[in-house]
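Structure at a glance
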Amino acid sequence: LPEAEREPSCHHCQFPEACTAAFNAEIETKIETMQKVIIAGRCARDRKQLSLKTPLKHATIVLQNKDLIAGLQELRDYVLDELNLRDVAITDVTRASNVELTAQPDHRLLGKRFGSKFKQISQSIKTLGTEELLALQRDGSIEVDGEKLVSAEVRVTLTFTGDSKHVEAVAVEGIGGSLLMLDTTVDEEAQQESVAKDFANRLQKLKKKAQVVPTDNIELGFEILSPEGEETNRFKDIISTHDSLITSIVMRKVRKLAAGDDLESATVTLSEERIALGEREVLVRLHLGLSDER
């Protein structure tokens, strides 16, 4: 702005008027769909008491609208990241397995309209197949027992028919005919990755405690304080196997130190942490070394 039009602070300025020409309804729809799917995924995790820290293998998202499917495919990486998944499939009901469309009559609307004939029509609606219900959703109407019914008079839902012991199915709120199916199986690989990420996050907190900035010259290390045994050996294997993952999070190689050893940096910050391994824990001491040359 010209100097004469400038205010001494942004707090003295009026809120700017929205530029409606910059609105993009297509992008807004994509983001809104993604947000609703992520909320459904978190709900599925909550039902099985699975923390977002625990990586899961797979989820399948079933949508009826081809534009919504294409839009969500573009934002697939965000869904993977927000729900901590290794893979996600986004598809429609004709390609998805273990799902079926079912229909129920709107009792208030159809009962008032058909009276004594309502019972017969109600039974016929419940026997409609997937192809017929897809046609109803596409065309907005369907003929049942010689009567034309519109989509508002028939409630169509997508139902999961697979193994509910290992899959949590949740409808995506606000998107009709949708379903998110989350594979809730936690295998050994997922458990190990969760431990590695927890370890890396403890190091990140130690960096924050030491007020480290990205340009600082630091070293990171750890020593195991728990007695040698099955748990400590498993912990060492996990850290070794997931070395590249840990490095990508903390932005440094992490050294394994022998008991009593320390880093050679001028300033060393220590933190003792208990890291869960299933029902047991391993006690470790984290080391952060900070050079005088900052």
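Right, let's walk through the structure included here.

What counts as what
Residues numbered from 1 in each chain as written. Predicted model: local features only at pLDDT ≥ 70, side-chain atom pairs only at ≥ 80, totals over all residues. Heavy atoms only, no water. Helix = DSSP H or I, 4+ residues; strand = E, 2+ residues; numbered from the N terminus. Rg over C-alpha atoms; globule rule 2.2 N^0.38 Å. Buried < 20%, exposed > 50% of the residue type's maximum accessible area, 1.4 Å probe, protein only. Contact = heavy atoms within 4.5 Å. Areas by Shrake-Rupley, 256 points an atom, 1.4 Å probe, with all protein chains shown as cover. Lys, Arg positive; Asp, Glu negative; His and termini not counted. Charge placed at Lys NZ, Arg CZ, Asp CG, Glu CD. Pairing = 2+ DSSP bridges. Axes fitted to C-alpha atoms, helices over the stretch in contact; angles between N-to-C directions. 1 Å grid on protein atoms, 1.4 Å probe; cavity = no way out; pocket = protein on both sides within 12 Å on 5 of 7 lines; lining within 4 Å. Points joined across faces, edges and corners; volume = space filled by probe spheres on them. Expected span 1.5 Å × (residues − 1). Salt bridge = Lys/Arg side-chain N within 4 Å of Asp/Glu carboxyl O.

**Overview of the overall build of the protein**
- The secondary structure content of the protein amounts to nine helices and twelve strands.
- In terms of C-alpha radius of gyration, the protein reaches 28 Å, well past the compact-globule figure of 19 Å for 294 residues.
- Over its C-alpha atoms, taken along the principal directions, the protein stretches across nearly 85 × 70 × 25 Å.
- Out of the 294 residues in the protein, the part that is buried amounts to 41%.
- Once local pairs closer than 6 in sequence are excluded, the contacts in the protein between residues at least 24 apart make up 69%.
- Element-wise, carbon and sulfur atoms account for 47% of the exposed surface of the protein, whose accessible area totals about 17800 Å².
- With 39 positive and 50 negative side-chain charges, the protein shows a spacing of 4 Å between the two charge centroids.

**Looking at the sheet that holds strand S2 (residues 85–91)**
- Here we have four strands laid out as an open sheet, ordered S2-S1-S8-S7, and mixed in their pairing. In the strand order of this sheet, the two ends are held by S2 and strand S7 (167–170), each with one partner. Between one strand and the next, the sheet's axes are offset by a mean angle of 15 degrees, whatever the strand orientation.
- Summarising the sheet, S7 and strand S8 (residues 179–183) pair through four bridges and their orientation is antiparallel. Bridging across to S8, Val167 finds its partner in Asp183.
- Packed on one face of the sheet, helix H3 (residues 76–83) meets strand S1 (56–62) and S2 and runs near 135 degrees to S2.

**Concerning the sheet that holds strand S11 (residues 267–277)**
- Taking strand neighbours across the sheet as the criterion, the four strands line up as S10-S9-S12-S11 in an open arrangement whose pairing is mixed. In this open sheet, the two strands that pair with only one neighbour each are strand S10 (254–256) and S11. Averaged over all pairs of adjacent strands, the angle between their axes in this sheet comes to 25 degrees, without regard to strand direction.
- Contacts from helix H7 (residues 188–209) reach strand S9 (218–224), S10, S11 and strand S12 (280–290), with the element oriented near 150 degrees to S11.

**Details of the layout of surface pockets**
- The computed volume of the largest pocket comes to approximately 340 Å³.
- Residue lining of the largest pocket: 15 residues in total, with Thr54, Gln191, Ser194, Val195 and Ala276 positioned closest to the centre.
- When residues of the lining of the largest pocket are traced back to their parent elements, those giving at least two are H7 and S11.
- When residues in the lining of the largest pocket are grouped by element, the largest group, six residues, is from H7.

**Comments concerning H7**
- With 22 residues, H7 should cover 32 Å at 1.5 Å per step; its first-to-last C-alpha distance of 32 Å lies within 8% of that length.
- Immediately beyond the C-terminal end of H7, within one or two residues, lies Gln211, with a positive phi of roughly 55 degrees.

**Considerations on the environment of Thr161**
- Position of Thr161 among the secondary structure elements: in the loop between strand S6 (154–160) and S7.
- Thr161 sits 63 residues away from Asn98 along the chain, and the two C-alpha atoms are 4.9 Å apart.

**Comments concerning the pattern of salt bridges**
- Tallied over the full model, the rule gives 23 salt bridges.
- Across the pair Lys57 and Asp187 runs a salt bridge, and its minimum N-O distance is 3.4 Å. With Lys57 in strand S1 and Asp187 in the loop between S8 and H7, this pair connects stretches of sequence that are 130 residues apart.
- The class of Lys57 is partly exposed, set by a relative accessible area of 39%.
- As a salt-bridge pair, Arg138 and Asp139 come within 3.2 Å of each other at their nearest N and O atoms. Each member of the pair Arg138 and Asp139 is classed as exposed.
- The network of salt bridges with shared partners includes Glu26, Lys30 and Glu74.

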